[in-house]
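Remarks on the overall topology
The primary structure of each chain is shown beneath.
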Amino acid sequence: MELDFERCYRAVDSRDQRFDGWFYTGVTSTGIYCRPSCPAMTPKRQNVRFFPSAAAAQGAGLRACRRCRPDAAPGSPQWDVRADVVGRAVRLIADGVVDRDGVPGLATRLGYTERHLHRMLRAELGAGPLALARAQRAQTARTLIETTGLGMAEIAFAAGFGSVRQFNDTVREVFGTAPSELRVARGGRPVAGGAGTITLRLAYRPPLHAAALLDFLALRALPGVEEVRDGTYRRGLRLPHGAAEVTLTPAAGHVSATLRLADMRDLAPAVARCRRLLDLDADPQAIDETLAADPALAAAVAAEPGIRLPRAVDGFEAALRAVVGQQVSVRSARTTLTRLLQAARPLTIPGDHEVVAPDDGVSRQQLHDHGAGTAGGLRGFLRAEEVAGLPDSAFGMPAGRRETVRALARAVASGEIDLDPGGDREEVVRRLTAVPGIGPWTAGYVAMRALGDPDVLLPTDLAVGRGAAALGLPIDPKTLDTHAERWRPWRSYAVIRLWRAA
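This text gives an overview of the structure that appears in the document. Each chain carries its own residue numbering, running from 1 in the written order of its sequence. At least 70 in pLDDT is required for a residue's local features to be given in this predicted model, at least 80 for side-chain atom pairs to be given and counted, and no such filter applies to totals for whole chains, interfaces and linings, which use all residues. Side-chain numbers here rest on the full set of heavy atoms in the structure, without hydrogens or water.

Some words on the overall build of the protein chain
Which entries qualify depends on this criterion: Comment: elements are numbered from the N terminus, with helices defined as DSSP H or I runs of at least four residues and strands as E runs of at least two. Between the two quantities, the radius of gyration covers C-alpha atoms and the globule rule is 2.2 Å times the number of residues to the power 0.38. Using a 1.4 Å probe on the protein chains alone, a residue whose accessible area is under 20% of its type maximum counts as buried, one over 50% counts as exposed, and one in between counts as partly exposed. What makes two residues a contact is simply this: any of their non-hydrogen atoms within 4.5 Å. The accessible surface values rely on the Shrake-Rupley method and a 1.4 Å probe; as for residues, cover is taken only from the protein chains in view. Neither His nor the chain termini are counted; the positive set is Lys and Arg, and the negative set is Asp and Glu. Where a charge lies is defined by one atom per residue type: Lys uses NZ, Arg uses CZ, Asp uses CG and Glu uses CD.
In terms of regular secondary structure, the protein chain is built from 24 helices and nine strands. Taken over the C-alpha trace, the protein chain has a radius of gyration of 23 Å; the compact-globule value for 502 residues is 23 Å, and the two agree within 12%. Judged by the C-alpha coordinates and their principal axes, the protein chain covers about 70 × 60 × 45 Å. With 502 residues in all, the protein chain has 55% of them scored as buried. Once local pairs closer than 6 in sequence are excluded, the contacts in the protein chain between residues at least 24 apart make up 68%. Surface accessibility of the protein chain: about 21,100 Å² in total, with carbon and sulfur atoms responsible for 51%. Counting 65 positive and 56 negative side-chain charges, the protein chain places the centres of these two groups 3 Å from one another.

Looking at the nonpolar core
What tends to happen in soluble globular proteins is that the nonpolar side chains get buried as a cluster. Put simply, the test is: In this description, a nonpolar core means a group of buried Ala, Val, Leu, Ile, Met, Phe, Trp, Tyr and Cys residues linked to one another through side-chain atoms lying within 4.5 Å.
One finds Leu259, Trp487 and Trp499 to be the most contacted residues of the largest nonpolar core, which totals 118 residues. Broken down by element, the residue count for this core peaks at seven residues, all from helix 15 (residues 315-324). Sequence-distant contacts of Leu259, defined by excluding residues within four places in its chain, comprise Gly196, Thr197, Ile198, Leu200, Glu245, Val246, Leu267, Ala270, Val271 and Cys274. Membership of the second largest hydrophobic core comes to 22 residues, among which are Ala55, Ile93, Ala107 and Leu117.

Here we look at the sheet that holds strand 1 (residues 24-27)
The condition is simple: Any two strands between which DSSP finds at least two bridges are classified as paired.
Strand order across the open sheet formed by four strands is 3-1-2-4, with mixed pairing between neighbours. Two strands bound the open sheet, and with one partner strand each, they are strand 3 (48-51) and strand 4 (63-64). Pairing of strand 1 with strand 2 (residues 32-34) involves three bridges; the strand directions are antiparallel. Residue pairing for strand 2: Val27 is matched across the bridge by Ile32.

Some points on unusual backbone geometry
Of note, the bond from Pro206 into Pro207 is cis; its omega dihedral lies within 30 degrees of zero at 0°. For Pro207, the location among the structural elements is in the loop between strand 5 (197-203) and helix 11 (210-219). The residue after Arg488, namely Pro489, is reached through a cis peptide bond having omega 0°. Topologically, Pro489 is positioned in the loop between helix 23 (477-483) and helix 24 (491-501). Phi is positive for Arg15, which is not a glycine, with a value near 55°. Along the chain, Arg15 falls in the loop between helix 1 (5-14) and strand 1. The class of Arg15 is partly exposed, set by a relative accessible area of 30%. The phi dihedral of Arg69 falls on the positive side, at around 50°, and the residue is not glycine. Looking at the secondary structure, you find Arg69 in the loop between strand 4 and helix 3 (78-81). Residue class for Arg69 comes out partly exposed when judged on its relative accessible area of 31%.

Looking at the environment of Asp476
Filter applied, for reference: Polar contacts here mean pairs of N or O atoms no more than 3.5 Å apart (in protein, one a potential hydrogen donor and the other a potential acceptor; neighbouring residues in sequence count only if both atoms are side-chain atoms).
Structurally, Asp476 can be placed in the loop between helix 22 (462-470) and helix 23. When the C-alpha positions of Asp476 and Asp95 are compared, they lie 40 Å apart, and in sequence the two are 381 residues distant. A polar side-chain atom of Asp476 sits 2.9 Å from a polar atom in the side chain of Thr479.

Details of the sheet that holds strand 8 (residues 242-251)
This is how the line gets drawn: Throughout, an axis means a line fitted to C-alpha atoms (over the contacting stretch in the case of helices), and angles, computed between N-to-C directions, take values from 0 to 180 degrees.
If you walk across this open sheet you meet the five strands as 5-9-8-7-6, and the pairing is antiparallel. Every other strand in the sheet has two partners, leaving strand 5 and strand 6 (226-229) as the edge strands with one partner each. Between one strand and the next, the sheet's axes are offset by a mean angle of 20°, whatever the strand orientation. Pairing of strand 5 with strand 9 (residues 254-261), which is carried by seven bridges, proceeds in the antiparallel orientation. Across the sheet, Ile198 pairs through a bridge with Leu259, a residue of strand 9. Set on the sheet, helix 12 (residues 267-278) makes contact with strand 5, strand 7 (232-239), strand 8 and strand 9; between it and strand 9 the angle comes to about 140°.

Some words on the pattern of salt bridges
To keep things clear, this is the line we draw: Salt bridges are identified by distance alone: a Lys or Arg side-chain nitrogen within 4 Å of an Asp or Glu carboxyl oxygen.
Tallied over the entire structure, the rule returns 39 salt bridges. Arg311 is paired through a salt bridge with Asp279; the nearest N and O atoms lie 3.3 Å apart. Remark: Asp279 occurs in the loop between helix 12 and helix 13 (284-292) and Arg311 occurs in the loop between helix 14 (295-303) and helix 15; sequence separation between them is 32 residues. Both residues of the pair, Arg311 and Asp279, count as buried. For Arg488, the salt bridge goes to Glu485, with nearest N and O atoms at 3.0 Å.

A closer look at the packing of aromatic side chains
Put simply, the test is: For this analysis, a ring pair means two rings from Phe, Tyr or Trp (six-membered ring only for Trp) whose centres lie within 6.5 Å, classed as stacked if their planes differ by under 30 degrees, edge-to-face if by over 60, and tilted for the remaining angles. We call a charge positioned above a ring when the Lys NZ or Arg CZ atom is no farther than 6 Å from the ring centre and deviates by at most 35 degrees from the ring normal.
The final tally for this structure, using the stated rule, is ten aromatic pairs. Centre to centre, the rings of Trp490 and Tyr493 are 5.9 Å apart; their planes meet at 75°, and the pair counts as edge-to-face. The exposure classification of Trp490 matches that of Tyr493, with both residues buried. Ring-pair connections join several aromatic residues into one group, and the members of that group are Phe5, Tyr9, Phe19, Phe23 and Phe50. Residue placement shows Arg220 over the ring face of Phe216; its charged tip is 3.7 Å from the ring centre.

A word on the environment of Asp420
With respect to the helices and strands, the residue Asp420 is situated in the loop between helix 19 (399-414) and helix 20 (425-433). Counting along the chain gives 341 residues from Asp420 to Trp79, while the straight-line C-alpha distance between them is 14 Å. Apart from residues no more than four positions distant in its own chain, Asp420 is found in contact with Arg109 and Leu451. Within polar-contact distance, the side chain of Asp420 engages the side chain of Arg109 at 2.7 Å.

In structure tokens form, the structure reads like this:
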């Protein structure tokens, strides 16, 4: 990725927060790298280099600024938007794939050789997949050092390092100090909340219309999985190494996140999925400028700046919601899904939070593996394998739709349909529409929410039509589709606005 020196330097000189995460400023005279909005004195031109990633800056021998904490900046919005191999790779690395499966596993997921993948990432980000994963491990390690009472050896392996020595060397190199000194600088006291609990701030680019996000999630909240109360969203997660529960509260300049993890190795994927759910890496000003150029949307954008695209922490969950929601109201779909959850997992949570299973031979370990039994009672959504094996009586829907759900679940369970963040959007849509009972609306909804495609229009959607009518836009699907060309590449955000207008 080429960075124009003059544009980058002007952003640094103005301390423009919009560019945080887009690039990083390396100061050769001090040996540090910063985010563009760092409050320190603007460095001289001859002492500045710009890098497309924190990993590239670290590779050049620079350490992270302790004042602006560039490793904690929001991610570049282009990695959420882009559907190419590099964008998919960055999303998978953020989700911890390299830490779990190594670079060979990442390359296999993407269908490329390790050498070619390394070459593409180096060209775009100035660093290969291992260096990008290493930079993420360093950030995870600092979070654990500063917010928990875990020992350094525990933190090393929880952050994904192969040894304590590797952990110590990386922290010294990236932050310019020993791990123990980071804890001393923070005050040496872990944040209250109990074992396995971490509280941190998730940065975003303002503005953020938090009420719109919470409204959207509250309307679709499934009992036992998620809830919205008093301006806070809580939900259960099923992560690679165990169950988790997250509490997300939007605040000025950040979202406060409290994560209760069964396994600390899941910190990085938990943070990545929370950021993806709330669309925190978006560039709202660029989106709003494009949409506001249409007179029909200008007033709505001015009244509610910073509308985000609510995404998903679980691709299969989003796909199942889409199929169940075909031709029915949001309320009706929520009722059907609630009954499905109750039929699949009739569990109770006693006062001591011990999970009790029905008499069906389900073991305590299986319940942990299924994401059940967090202390707050919220559990992750069903696995595709679970849904595929449910009896007819669990579905509560017409036979045709029931078989569509089963076919979808089998395809996801077998890996035929990849709904992970690194899934190929065009290929996923093609395979989804090959499933009997899944048409363009359902595939588009899945691409928008599960895969984060920012440019999906649902012109046949009834609520989109009502919103279009309310804003004076054409309601005929073909005419609306033609009109919406001016909204590219942000048509998914226009859909959210039309739903709100409805």
